[in-house]
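# Close look at the chain arrangement
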Amino acid sequence: MILAITSALLSLGACTTAVNNDEKNETAGNADGANAVIENIMTRTSIRQYKEQPVEQEKIDIMLKAAMAAPTAVNLQPWHFIVITDKETIGKLAGRQPTNAPLLIALCGDTDKTVMPDGKMKLPDFWVQDVSAATENLLLAAHALGLGAVWTGCYPAMERVDEVSKVLNCPKNIVPLAVVRIGYPDESPEPKNKFKEENISYNTFGGKKE
Ligand SMILES: Cc1cc2nc3c(=O)[nH]c(=O)nc-3n(C[C@H](O)[C@H](O)[C@H](O)COP(=O)(O)O)c2cc1C
């Protein structure tokens, strides 16, 4: 499967660091691969205007694989992803921000999956971090595939959670954390430079770099 994903990414001109459980990361430690990954991270920016062109299913599959490659606490993978291409449903999810995105993906926590299989340990709140990691992976994959995307927040804004859950017919255990809007970009904003030395300490809070 890794070969299929990697060749799909290669043929799309994207970076080549896709992996799954079956095979090794072929580009780990490779300087060109590392540069491509860092470049992809540094050039991602939120895109909110999209062309009409639909997103190919192959690209949707790659984004979902990237999302599910994210780390999760005790590897519980407490998530569910809802892919939305139906125009009417997209309209209903617009909230206060109408969108012309041809594709939305709702990234949800699955609270039924926050208990260890032996039932001994409960990790009730870690799903938020797990699904956030998946959301960032998905945004980065979208960018690598030539798509534009923006994270729109749901959880913990319960009003929005209820609104999105209702439209998507989610059972109680499925909690929308984010709805990512995705499409071919119809704008090209500059990535923001957010690096600030003042946000970093060394060894203890306020400690300086040696
Ligand atoms: C938790 C979260 C919620 C967000 N919600 C929204 C939103 O509701 N609407 C929106 O247009 N952008 C939303 N964003 C995108 C941010 O506005 C954007 O990431 C931020 O301005 C930085 O810009 P950048 O993504 O281009 O680096 C959200 C981002 C995060 C991480």
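Structural data are supplied above this passage.
## Quick look at the overall build of the protein chain
Looking only at helices and strands, one finds 6 helices and 4 strands in the protein chain. Helices and strands in the protein chain line up, N terminus first, as α-α-α-β-α-β-α-β-α-β. With 210 residues in all, the protein chain has 29% of them scored as buried. Restricting the contact set of the protein chain to residue pairs at least 6 apart, pairs at least 24 apart contribute 71%.

## Examining the nonpolar core
If you look at the biggest cluster of nonpolar residues, it comprises 40 residues, and the most contacted ones within it are Leu-104, Leu-107, Leu-138, Ala-142, Val-180 and Ile-182. Going through the elements one at a time, α3 (57–67), β1 (79–84), β2 (103–110), α5 (126–144), β3 (148–153), α6 (158–168) and β4 (174–183) are the ones with two or more residues in this core. Among the elements that make up this core, the one with the highest residue count is α5 (8 residues). Ignoring any residue separated from it by four or fewer positions in sequence, one finds Ile-182 in contact with Val-55, Ala-101, Leu-103, Ile-105, Ala-142, Leu-147 and Ala-149.

## Some points on the packing of α3 against α5
Between α3 and α5, the least distance of the axes is 7 Å, while the angle of their chain directions is 145 degrees. For the crossing formed where α3 meets α5, the hand is right-handed. Across from Ile-62, Met-63, Ala-66 and Ala-67 in α3, the residues of α5 making contact are Ala-134, Asn-137, Leu-138, Leu-140, Ala-141 and Ala-142. Of the residues that constitute the contact of α3 with α5, the class distribution is 9 nonpolar, 1 polar and no charged.

## Remarks on the environment of Pro-78
The topology assignment puts Pro-78 in the loop between α3 and β1. Along the chain, Pro-78 and Cys-108 lie 30 residues apart, while their C-alpha atoms are 8.5 Å from each other. Those residues in contact with Pro-78 that sit more than four places away from it in its chain are Thr-72, Gly-109, Asp-110, Lys-113, Thr-114, Trp-127 and Asp-130.

## What to know about the site of the ligand
Around the ligand, a shell composed of Thr-45, Ser-46, Arg-48, Gln-97, Val-150, Trp-151, Thr-152, Gly-153 and Lys-192 is seen. Grouping the amino acids of the shell around the ligand by side-chain chemistry returns 2 nonpolar, 5 polar and 2 charged.

## So, unusual backbone geometry
Backbone torsion omega between Tyr-155 and Pro-156 reads 10 degrees, so that peptide bond is classified as cis. The backbone phi angle of Asn-75 is positive, close to 50 degrees, even though this residue is not glycine. Positionally, Asn-75 belongs in the loop between α3 and β1. On the neighbour-count criterion, Asn-75 (7 C-beta atoms within 10 Å) is exposed. The backbone phi angle of Asn-169 is positive, close to 60 degrees, even though this residue is not glycine.

## Considering the sheet that holds β4
Across the sheet, which stays open at both edges, the 4 strands sit in the order β1-β2-β4-β3 with antiparallel pairing between neighbours. A single partner strand is all that each edge strand has here, and the edge strands are β1 and β3. Neighbouring strand axes in the sheet, compared pairwise and without regard to direction, differ in orientation by 20 degrees on average. The strands that α6 touches are β1, β2 and β4; relative to β4, the one it contacts most, it runs at about 80 degrees.

## Remarks on the environment of Ile-174
One can find Ile-174 in strand β4. According to the C-beta neighbour criterion, Ile-174 is partly exposed, with 18 such atoms within 10 Å. Apart from residues lying up to four places away in sequence, Ile-174 is in contact with His-80, Cys-108 and Asp-110.

## Observations regarding helix α2 (residues 31–43)
The end-to-end C-alpha distance of α2, which contains 13 residues, comes to 18 Å, matching closely the 18 Å that a straight helix rising 1.5 Å per residue would cover. α2 sits mainly on the outside: 0 of its 13 residues count as buried.

## Quick look at the environment of Glu-52
If you trace the backbone, Glu-52 turns up in the loop between α2 and α3. On the basis of neighbour counts, which here come to 9 C-beta atoms within 10 Å, the residue Glu-52 falls in the exposed class. Once the C-alpha coordinates of Glu-52 and Asn-100 are considered, the two residues, 48 residues apart in sequence, prove to be 7.7 Å apart.

Definitions and cut-offs
Residues numbered from 1 in each chain as written. Predicted model: local features only at pLDDT ≥ 70, side-chain atom pairs only at ≥ 80, totals over all residues. Helix = DSSP H or I, 4+ residues; strand = E, 2+ residues; numbered from the N terminus. Buried ≥ 20, exposed ≤ 12 C-beta atoms within 10 Å, placed from the backbone. Contact = placed C-beta atoms within 7 Å. Core = buried A, V, L, I, M, F, W, Y, C linked by C-beta atoms within 7 Å. Axes fitted to C-alpha atoms, helices over the stretch in contact; angles between N-to-C directions. Left-handed = near helix turned anticlockwise from the far one by under 90°. Nonpolar A, V, L, I, M, F, W, Y, C, P; charged D, E, K, R; others polar. Near = placed C-beta within 6 Å. Pairing = 2+ DSSP bridges. Expected span 1.5 Å × (residues − 1).

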